[in-house]
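# Report on the structure
The chain contents come next:
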Amino acid sequence: AMTGKIFRSMLAACGLVLVLGMLLSFYGFSRQMERQNEQQLSRQLILAAAGVEAEGRAYLEHLSDPQSRLTWIDPTGAVLYDTAAPAEAMENHAQREEVRLALLYGLGRSTRYSETLLEKTVYHARRLADGSVLRISYTHATAAAQALGLFGPLCVVVALSMVLAFLLSKRLARRIVRPLGTLDLD
């Protein structure tokens, strides 16, 4: 009875530590990746802005990066060029948060979530010397979608870890209780 209680307590503690450790590790890894993506997006925008200021539309027409999307917007919000869609088919972008901020302050940033697709799109915008705005965007899976993608491998790791914890807890519980069984109570 005592061996069973000690065993269950140790197994529960191991399981709790394992799950909490994995959750904290995943959260930290996810945040670190987001920071790196943001920095890379910002650097790409600086380079693209220099290219557009030097060569205009010709610079954008020669780009082919499927990871990020560039949109060139005039000061009124009309789309001049977009690397992913025909500009004439796009609505006015003057009220988009990142564009509005770039027009006012020179730089703008916003994030939009798609709950149905479990995606997050990050936008960075920069006002160019002529008053137009260049915006770059990058779409990636949300933390929830990433967690769902890792669910299978995480289950395997948890299962293997719990088997190991089971074996060690059982052995340790017996070692703890064994001296108590040899006591002469008289």
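These numbers come from a predicted model, not from an experiment. (Residues numbered from 1 in each chain as written. Predicted model: local features only at pLDDT ≥ 70, side-chain atom pairs only at ≥ 80, totals over all residues. Heavy atoms only, no water.)

## What about the confidence of the model for the protein?
Where we set the bar: Confidence scores labelled pLDDT are given residue by residue by the predictor and lie between 0 and 100. Helix and strand assignments follow DSSP, with helices taken as H or I runs no shorter than four residues and strands as E runs no shorter than two, numbered in order from the N terminus.
Confidence along the protein averages 85 in pLDDT terms, with 92% of residues attaining 70 or more. Taking the mean pLDDT of every element in the protein, the minimum, 76, falls on helix 4 (residues 143–181) and the maximum, 97, on helix 3 (residues 97–105).

## Looking at the nonpolar core
Across soluble globular proteins, nonpolar side chains have a tendency to be buried as a group. Defined as follows: Here, nonpolar core refers to any group of buried Ala, Val, Leu, Ile, Met, Phe, Trp, Tyr and Cys residues whose side-chain atoms link them within 4.5 Å. Classification of residues uses two cut-offs on accessible area relative to the type maximum, computed with a 1.4 Å probe and protein chains only: under 20% is buried, over 50% is exposed, and between them is partly exposed. Any pair of residues with heavy atoms lying within 4.5 Å of one another is described as a contacting pair.
In this structure, Val52, Leu60, Leu70, Trp72, Leu128 and Leu134 are the most contacted members of the largest nonpolar core, which totals 14 residues. Mapped onto this core, the elements with two or more residues apiece are helix 1 (2–55), strand 1 (68–73) and strand 5 (133–141). A total of five residues in this core trace back to one element, the largest contributor, which is helix 1. Leu70 has contacts with Ala48, Leu60, Leu63, Tyr81, Asp82, Thr83, Leu134, Arg135 and Ile136, leaving out every residue within four places of it along the chain. One finds Phe7, Met10, Ala165 and Ala173 within the second-largest nonpolar core, a separate group that totals seven residues.

## Topic: the pattern of salt bridges
When charged atoms on two side chains of opposite charge get close, those side chains can pair. Put simply, the rule is: Between Lys or Arg on one side and Asp or Glu on the other, a salt bridge is scored when a side-chain nitrogen of the former is within 4 Å of a carboxyl oxygen of the latter.
With the rule as written, the count across this model stands at eight salt bridges. Two residues, Glu34 and Arg31, come together in a salt bridge whose shortest N-O distance is 3.4 Å. Here Arg31 and Glu34 lie together in helix 1, a separation of three residues that amounts to about one turn. Its salt-bridge partner being Arg69, residue Asp82 comes within 2.8 Å of it at the nearest N-O pair. One end of the pair, Asp82, is in strand 2 (residues 79–82); the other, Arg69, is in strand 1, and 13 residues separate them in sequence.

## Description of helix 1
Just so we agree on the cut-off: Every helix has an expected span of 1.5 Å times one less than the residues it contains.
Relative to the 80 Å expected for 54 residues at 1.5 Å per residue, helix 1 spans 79 Å between its end C-alpha atoms, a close match to the ideal helical length. Backbone geometry just downstream of helix 1 places Gly56 in the positive-phi region, at approximately 70 degrees.

## A look at the pairing of strand 2
Where we set the bar: Here, strands pair whenever DSSP counts at least two bridges between them.
In terms of strand pairing, strand 1 meets strand 2 through three bridges, oriented antiparallel. Residue Trp72 lies in a different strand from strand 2, and its bridge partner there is Tyr81. What sits between the antiparallel neighbours strand 1 and strand 2 is a turn of five residues, in which Gly77 has the positive phi angle 105 degrees.

## Quick notes on the side chain of Glu38
Note that Glu38 resides in helix 1. What makes Glu38 buried here is its relative accessible area of 19%.

## Thoughts on the packing of aromatic side chains
Our working definition: Working definition: a ring pair exists when centres of Phe, Tyr or Trp rings (six-membered ring for Trp) sit within 6.5 Å. Plane angles under 30 degrees give stacked, over 60 give edge-to-face, the rest tilted. Working rule: Lys NZ or Arg CZ, within 6 Å of ring centre, within 35 degrees of ring normal, means a charge sits over the ring.
In this structure the tally under the stated criterion is zero aromatic pairs. Here the basic side chain of Arg112 rests over the ring of Tyr123, its NZ or CZ set 4.0 Å away from the ring centre.

## Looking at helix 3
Put simply, the rule reads: What the arc describes is the spread of directions from the helix axis to the C-beta atoms.
Turning to helix 3, its buried residues number three or more, namely Glu98, Val99 and Ala102. The arc enclosing the buried residues of helix 3, seen along the axis, measures out at 100 degrees, which places them on a common side. In helix 3, the exposed residues that point more than 90 degrees away from the buried face are Leu104 and Tyr105. Gly106, located one to two residues past helix 3, shows a positive phi value of around 100 degrees.

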